[in-house]
Amino acid sequence: MKTENQRGWLFVLPVLLLVAFNALIPLMTVVNYSVQETFGNNQFFWHGLGWFEDILRSERFHAALGRQLFFTFTILAIEIPLGVIIALAMPRKGFWVPVCLVLMALPMLIPWNVVGSMWNIFTLPEIGLLGYFLNDVLGVNYDMTQQPVAAWITIIVMDVWHWTSLVVLLAYAGLVSIPDAYYQAAKIDGASNWSVFRYIQLPKMKRVLTIAILLRFMDSFNIYTEPFTLTGGGPGNSTTLLSIDLVKIALGQFDLGPAAAMSLIYFAITLAVSWLFYTLMTKDEQ
Amino acid sequence: MRPRSVVPIIYILFLLLPIYWLVAMSFKTTNEILGGFSLFPQEWTLDNYREIFTDPTWYWGYINSILYVTINTVISLAAALPAAYAFSRYRFLGDKHLFFWLLTNRMAPAAVFALPFFQLYSAVGLFDTHLAVALAHCLFNIPLAVWILEGFMSGVPKELDETAYVDGYSFPRFFATIFIPTIKAGVGVAAFFCFMFSWVELLLAKTLTAVEAKPIAATMTRTASSAGYELGLLAAAGVLTIIPGAIVIYFVRNYIAKGFALGRV
């Protein structure tokens, strides 16, 4: 049982100051820009909620949001089941367990721009291993700099490559926490593999899978560096996800007001969905 | 070998293929790369690596990255340890809201904050220093460290604290000599995750630096776009960024999942 003690605040103070410095000041800057109009020369005028209305009505934002949602839901639909399948097939003990874990975790430790460059080099037609194999061995016409569909498949496969291991590691951690007695009881009852999965393994993995979905949602919704390095948002605008579009507006065109309004809407969406998962996740803890 | 072992084996092969290609490219000459397809390097060359280790703009990129990652890890842990203790042991006003607020910072898209961060760190005179990047990365690393440490600390029975007080330990002495050694696995995992997320992040690191503290990742992107298409060099630089992660991961292999689960498996 925890004790009631306001000394807790004292302990939390350093964290609070550091995070508030990094989170609140920039957030207030963004809020500040989002309600103002500027014509350069550091002169700003009150613009009310105009930018928010513009952004919410703009087709460009709708398109970027649509692409973002499509990306996030596609990678969730692939990575979560795939991660569970791989975790179920992994050995539970022995020499190969640490080897598997280390090799699987490797992609997650590579800087994000290197992930993008690596996949770029890997998929170049004629030069890259995958590009050469598809074009010259299988005879598929594949060039991700020209074909939107190829670009999409490539960024999705890249994300599956990069992050499925996160789901595997979490699901695996849930699986090894199941005591042997459960399996023995199931065996005595003559339970099928499916029943073992449905009534023993899946309930035990529920918590870690919620965390996996939460993390994968947050990170894939905020993804920037990897697709930007790989496709630059192209060909055309076909893989311009929300973050890429935002950076284009803010740093490319220097439209501070619309960029700030878009940032806040973007952040609000992430926050709302994550809160939902967080509530689900902590519901069992109480 | 059991038949279902095929699944992890195929998966690991899929993971290793692009990495193999990066390594193979890094040992090829530019002529060979542009000349056509070859599965293995035909003329092995170390020129790409030699260039990185002799050119200061290249190797300083690595030193800069390692510097700010280290500073960040130290700051994050120093701040997160007492906070995590408070969350795991005490109930205080607003503790649950505070905990969720910390997590929200892990959700903030870096792209949203890039420009305000630039202005903030320019205003306080820290632009283009290692400290700026280290402090900026605290935004997502401190919440992560607090979560992981809180998970590990909650696994330690409260009797440990009480026994120490009965034995006449002061709080700081108990915390430093008894409590931290008890959760040293958790400290290691938290340090690893701070290292990792600071090491892989590029957008903020690039925004907050120009010359003096330029990270390796930024050196790479500028090379990729400016110096024509030196794929071999880019590949060699990429391979060198994988090595630190590959070394440290071995030490935390049994705790990786617990870390990702924010200490809650």
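This one's a predicted model, so the numbers in the text were calculated from it and none came from an experiment.

Details of the interface of chain A and chain B
Piece 1. Each partner contributes residues to the interface: chain A has 77 residues there, and chain B has 82 residues.
Piece 2. Its residues placed into classes, the side of chain A that touches chain B shows 56 nonpolar, 17 polar and four charged.

Considering unusual backbone geometry
All names here are of chain B.
Piece 1. Positioned with a positive phi, Asp128 is a non-glycine residue whose angle comes to about 65 degrees.
Piece 2. Here Asp128 shows up in the loop between helix H6 (110-123) and helix H7 (130-154).
Piece 3. Classification of Asp128 by C-beta neighbours within 10 Å gives partly exposed; the count is 15.

Some points on the environment of Leu169 of chain A
Piece 1. Its place among the elements puts Leu169 of chain A in helix H7 (residues 148-176).
Piece 2. For the pair Leu169 of chain A and Cys100 of chain A, spaced 69 residues apart in sequence, the C-alpha to C-alpha distance is 10.0 Å.

A look at the domain arrangement of chain B
Residues and elements named next belong to chain B.
Piece 1. Parsing chain B into structural domains produces domain 1 (1-45) and domain 2 (56-260).
Piece 2. The centre of domain 1, based on its C-alpha atoms, is set 32 Å off from the matching centre of domain 2.
Piece 3. Taken together, the eight residues of domain 1 in the interface contact seven residues of domain 2.
Piece 4. Residue assignment for the side of domain 1 that touches domain 2 shows that the elements contributing at least two residues are helix H1 (6-26) and helix H2 (30-35).
Piece 5. In terms of residue count, H1 provides more of the side of domain 1 that touches domain 2 than any other element does, four residues in total.
Piece 6. Classifying every residue of the side of domain 1 that touches domain 2 gives four nonpolar, three polar and one charged.

What to know about the nonpolar core
A general trend in soluble globular proteins is that nonpolar side chains are found buried together.
Piece 1. Within the largest apolar cluster, 160 residues are counted, with the highest numbers of intra-cluster contacts made by Leu169 and Leu246 of chain A together with Ala80, Ala83, Val146 and Leu149 of chain B.
Piece 2. Counting residues per element, this core draws most heavily on H7 of chain B, at 17 residues.
Piece 3. Each of domain 1 (1-45) and domain 2 (56-260) of chain B contributes no fewer than three residues to this core.

Quick notes on the rules
Residues numbered from 1 in each chain as written. Chains lettered and ligands numbered in written order. Predicted model: local features only at pLDDT ≥ 70, side-chain atom pairs only at ≥ 80, totals over all residues. Contact = placed C-beta atoms within 7 Å. Nonpolar A, V, L, I, M, F, W, Y, C, P; charged D, E, K, R; others polar. Helix = DSSP H or I, 4+ residues; strand = E, 2+ residues; numbered from the N terminus. Buried ≥ 20, exposed ≤ 12 C-beta atoms within 10 Å, placed from the backbone. Domains from an automatic or database assignment. Core = buried A, V, L, I, M, F, W, Y, C linked by C-beta atoms within 7 Å.

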